[in-house]
Amino acid sequence: EVVITTAYVGSKGTKLWINRELNPAAFIPGNGPDGRALSTGGNIDSRRLNTNFQGIDEAATSGNSTYHSLQLSATRRFSKGFYILSNYTWSKALDYESLDRNASLPQNPNNLRLEHGPADFDRRHSFVTSFIYHLPSPWQQGLAGKLTQGWSTNGIFRAISGSPLTIAPGTDRALQGGGNQRVNVIGNPVLATDRSFDDQRARYFDTAAFATPALGTFGNEGRNAIFGPGQFNLDLSFFKTTSITERVRMEFRWEMFNSLNHANLANPNTTFNSSAFGRIDSVTGPRIMQLGLKAIF
């Protein structure tokens, strides 16, 4: 018998914390009589709206968020000791700020609408399946029965799509003294997903699709506009319970994390002026196994 459930799950957040810089530096174009630029990184405080203060952080409950998802679940219990449960979620989470309010400032404090985009924790696709199987044995008595009875295995497989990313210029191009600034998008950064593992590590997205904004301007890239690589993992374990006496049982465990020894790509470097821009320098860890023996009495 297969049991399938379908659900729509959604939520809306209102009056969420969001902060912005109330005292940014005004950009003054051109050069002075001495030929020096009127706006530099060294004279930010003298160009602020109120020169009696440096940065002024406003924290207000003016943010909101939305979450929509289609959630599917399937369960099957077989007659011979096999049980499987699978879940799939297709979702979309949007907000203005996902991090602690002191860690994320909008790039343009006068236009918060440009911060509306995928939440930092947004994962569009998530598939998880788990199973338990009690292995049958044709032998019931004797040494063969002791060695082959009491075995079971279980596992959890998980596949998720990548997390959202923002490309940062690496310098204060707006010269305003604050804000998480972004770059200009001048092309399609998405590259084919069927490329080799090494090609994806060397250049996960098209780095030529981005450009540094002109001084005194903000980038046109949206917040969290691109997505990193997806990941999948399978954890497996084997158990054997053996009766020693009526009151004493021995349990043997063999557990494998990342049992397929699959290397999942980490997120690429997203700092435009970095020499490693677009490159992936790390992957998830190798297979880990552990053994255990426990007496139960």
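Use the structure listed above.
Read on for a plain summary of the structure. Predicted model, so just to flag it, every value in this text is computed and none were measured. (Residues numbered from 1 in each chain as written. Predicted model: local features only at pLDDT ≥ 70, side-chain atom pairs only at ≥ 80, totals over all residues. Heavy atoms only, no water.)

## Details of the environment of L215
Here is the rule we go by: Helix numbering and strand numbering both begin at the N terminus, where a helix is a DSSP run of H or I of at least 4 residues and a strand a DSSP run of E of at least 2. For the exposure calls, accessible area comes from a 1.4 Å probe over protein chains only, and a residue counts as buried if that area is under 20% of its type's maximum, exposed if over 50%, partly exposed in between. Between two residues, a contact is recorded if the distance between any of their heavy atoms is within 4.5 Å.
For L215, the location among the structural elements is in the loop between β9 (210-211) and β10 (226-227). Look at L215 and you get partly exposed, because its relative accessible area is 46%. Separated by 43 residues in the primary sequence, L215 and D172 have C-alpha atoms spaced 8.5 Å apart. Once residues lying within four places of it in the same chain are set aside, the contact partners of L215 are F27, R173 and L175.

## Some remarks on the packing of aromatic side chains
Let me state the cut-off plainly: Only Phe, Tyr and Trp rings take part, Trp by its six-membered ring, and two of them pair if their centres are within 6.5 Å. Stacked means planes under 30 degrees apart, edge-to-face means over 60, and tilted covers everything else.
The tally for this structure, following the rule as stated, stands at eleven aromatic pairs. Consider the rings of F82 and Y133, whose centres lie 5.5 Å apart with planes at 85°: the pair is edge-to-face. With a gap of 51 residues between them, F82 in strand β3 (residues 82-95) and Y133 in strand β5 (residues 125-134) connect regions that are remote in the sequence. Since its relative accessible area comes to 26%, F82 is described here as partly exposed. Considering the side-chain rings of F210 and F277, the 6.2 Å spacing of their centres and the 75° angle between planes classify their relative orientation as edge-to-face. Of this pair, F210 sits in strand β9 while F277 sits in the loop between β12 (249-257) and β13 (288-296), and the two are 67 residues apart along the sequence. The class of F210 is buried, set by a relative accessible area of 4%.

## Topic: the pattern of salt bridges
Opposite charge on two side chains permits pairing when their charged atoms draw close. Defined as follows: Just to be clear on terms, a salt bridge is a Lys or Arg side-chain nitrogen sitting within 4 Å of an Asp or Glu carboxyl oxygen.
Summed over the entire model, instances satisfying the criterion amount to twelve salt bridges. E58 is the partner of R20 in a salt bridge, and the nearest nitrogen-oxygen pair spans 2.9 Å. Placement of the pair is R20 in strand β1 (residues 2-21) and E58 in strand β2 (residues 57-77), with a sequence separation of 38 residues. The class of E58 is partly exposed, set by a relative accessible area of 27%. In this structure, D281 engages R279 in a salt bridge whose closest nitrogen and oxygen atoms are separated by 2.8 Å.

## Topic: a nonpolar patch on the surface
The test is simple: Patches here are clusters of residues that have more than 30% relative accessible area and form no salt bridge, with a 9 Å joining cutoff for like charges and a 5 Å cutoff for nonpolar side chains (Val, Leu, Ile, Met, Phe, Trp, Tyr). For the accessible areas, the method is Shrake-Rupley and the probe is 1.4 Å, while residue cover comes only from the protein chains on display.
On the surface, a cluster of nonpolar side chains totalling about 250 Å² of accessible area is made up of L22, F53 and I56. Tracing the backbone shows F53 in the loop between β1 and β2. On the basis of relative accessibility, which here comes to 47%, the residue F53 falls in the partly exposed class.

## Brief notes about the nonpolar core
Stated formally: Buried residues of nine kinds, namely Ala, Val, Leu, Ile, Met, Phe, Trp, Tyr and Cys, make up a nonpolar core once their side-chain atoms join them within 4.5 Å.
Judged by nonpolar contacts, L165, I167, V183, Y204, F205, A209, F210, I226, L265, F277 and I280 together constitute the single largest core of eleven residues. Not counting the four nearest positions on each side in its chain, L165 is found in contact with E221, N224, A225, I226, F227, G228, N267, P268 and T270.

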